[in-house]
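# Structure at a glance
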Amino acid sequence: MAPAFSGQFGPDVSEEQIKSALLMLGFYDVVEVALGADMITVKEANEFLKRMQRGDEFMITSCCCPPFVRLAKGFRPKIAGMVSDSVSPMIAVARFIKAEDDNAKVVFIGPCIAKKTEAKLPELKDAVDCVLTFEELEAIFEAYKLEPGKIDVEMPLNDASHDGRIYAHTGGVSKAIAASIKSLNPGLDVKIRHGNGIKECRQILDAIEDGRLEANFVEGMACIGGCVGGPGKLVNHEVGAAAVDEFAKKSKVKEAISNEAANILVEKYKEKVELDSPKM
Ligand code: SF4
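Structural notes, computed from the coordinates. This one's a predicted model, so the numbers in the text were calculated from it and none came from an experiment.

### Overview of the overall build of the protein chain
Looking only at helices and strands, the protein chain features 11 helices and 5 strands. The C-alpha atoms of the protein chain give 18 Å as radius of gyration, which agrees with the globular expectation for 280 residues (19 Å, within 12%). Seen along its three principal axes, the alpha-carbon backbone of the protein chain occupies a region of about 55 × 40 × 35 Å. Counting across all 280 residues of the protein chain, residues that qualify as buried make up 50%. Across the protein chain, the fraction of contacts at a sequence separation of at least 24, relative to all contacts at a separation of at least 6, is 76%.

Here it is as structure tokens:
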């Protein structure tokens, strides 16, 4: 489940009830994509430190929004090299699921249509077998006459940190990565800019190309509000963002870098799971 799933199926439907509903549909397990966000946060925080040490002016996060990455890497040769090479949290978490179980078939469920294309890219298609939007999942619940809010059993969901969960809204990615950078190197100044919607993303990329941007870390979200504003969402992006923040507060782990389960998985499968995306 993408981090934006909180609050999508109604204000009284808990994340744990959604997990229960998915298990009732026949899924073997449910994993928060925010776990992959924790892994990529730590990876990109370390990459930022290396880039600043070698004298780079900027790092542009690449980690979750395919249209923004395409815009920056595919059409802006002057700044393409500033974009991190990390795969998205969706790809990361799917690869770890398959590293744990060779027979797993992975379905990503989120608000994003662009993820359907990302999952089919030749260099990434090993990871995710199917992408559904929240709208499509709602239709499946309706077809099975399954009402998650009426399910008594709430299956626990404890995969991710607070900071991994807030990836779902604009500003969350940079906040998460900046917190991990501060833990690794408290003295380093992280000046963040984020683009909220494709128009702002374009303006920020223009400003970098023209040498006008006062920042050293840039995040871009193609949808207004971030993924909570994605085309396959079910609720207004402000309502979705508030629900995401509430669920994030319930995590026992604050920063991505402190998510021991994520750190153990990354170490365990460091030879097997590729977290760098191929060059465009
Ligand atoms: S911001 Fe929009 S386009 Fe980008 S990953 Fe999220 S839902 Fe997809």
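Still more ground to cover, so stick around.
### Let's talk about the nonpolar core
Counting 76 residues, the largest nonpolar core has V33, A94, F108, V128 and V244 as its most contacted members. For this core, the leading source of residues is helix α2 (residues 34-53), giving 8 residues. When neighbours within four sequence positions are excluded, V33 is seen to be in contact with M1, A2, P3, P89, M90, V93 and F108.

### With respect to the site of the ligand
Residues in close proximity to the ligand include C64, C65, P67, P111, C112, A114, M221, A222, C223, G226, C227 and G230, which together make up its full environment. Its residues placed into classes, the shell around the ligand shows 10 nonpolar, 2 polar and no charged.

### Quick look at the sheet that holds strand β5 (residues 217-221)
In space, the 3 strands of this open sheet follow the order β1-β5-β4, with parallel pairing throughout. Two strands in the sheet have a free side with no partner beyond their single neighbour: β1 (59-60) and β4 (192-196). Of the strands in this sheet, β4 and β5 are in contact with helix α9 (residues 198-209), which crosses β4 at around 140 degrees.

### What about unusual backbone geometry?
Even without glycine at this site, K145 takes up a positive phi of about 50 degrees. Residue placement: K145 occurs in the loop between α6 (134-143) and α7 (162-165).

### Brief notes about helix α1 (residues 15-25)
Taken residue by residue, α1 has E15, Q17, I18, K19, S20, A21 and L22 as its buried positions. Those residues of α1 that are buried lie in contact with α6 and α10 (237-249). G26 sits one or two positions beyond α1 and adopts a positive phi of about 120 degrees.

### Some details on the pairing of β4
For β4, the tally of buried residues reaches 4 of 5 residues, placing the bulk of the element in the interior. Strand direction decides the pairing type here: β4 and β5, joined by 5 bridges, are parallel. Within the sheet, the bridge partner assigned to H194 lies in β5 and is E219. Handedness of the β-α-β unit built from β4, α9 and β5 comes out right-handed.

### Concerning the environment of D29
Residue position: D29 is located in the loop between α1 and α2. Owing to 12 C-beta atoms within 10 Å, D29 belongs among the exposed residues under this scheme.

### Examining the packing of α2 against helix α8 (residues 172-184)
Put simply, α2 and α8 touch, their axes get as near as 8 Å, and they point 55 degrees apart. As far as their axial angle goes, α8 and α2 are oblique. For the pair α2 and α8, the sense of crossing is right-handed. Note on element contacts: α8 touches α2 through A176, I177, S180, I181 and L184, opposite A37, T41, V42, E44, A45, N46, F48 and L49. Looking at the contact of α2 with α8, its residues break down into 9 nonpolar, 3 polar and 1 charged.

### Some points on helix α4 (residues 89-100)
An ideal rise of 1.5 Å per residue puts 16 Å on 12 residues; α4 measures up with 17 Å between its terminal C-alpha atoms. Across the 12 residues that make up α4, a large majority, 10, are buried. Buried within α4 we find P89, M90, I91, A92, V93, A94, R95, F96, I97 and K98. Those residues of α4 that are buried lie in contact with α2, β2 (107-110), α5 (114-120) and α11 (260-268).

Conventions adopted
- Residues numbered from 1 in each chain as written.
- Predicted model: local features only at pLDDT ≥ 70, side-chain atom pairs only at ≥ 80, totals over all residues.
- Helix = DSSP H or I, 4+ residues; strand = E, 2+ residues; numbered from the N terminus.
- Rg over C-alpha atoms; globule rule 2.2 N^0.38 Å.
- Buried ≥ 20, exposed ≤ 12 C-beta atoms within 10 Å, placed from the backbone.
- Contact = placed C-beta atoms within 7 Å.
- Core = buried A, V, L, I, M, F, W, Y, C linked by C-beta atoms within 7 Å.
- Near = placed C-beta within 6 Å.
- Nonpolar A, V, L, I, M, F, W, Y, C, P; charged D, E, K, R; others polar.
- Pairing = 2+ DSSP bridges.
- Axes fitted to C-alpha atoms, helices over the stretch in contact; angles between N-to-C directions.
- Right-handed = clockwise from strand over helix to strand, strands pointing away.
- Parallel < 35°, antiparallel > 145°, perpendicular 65-115°, else oblique.
- Left-handed = near helix turned anticlockwise from the far one by under 90°.
- Expected span 1.5 Å × (residues − 1).

Taken by themselves, the reported measurements are silent on function.
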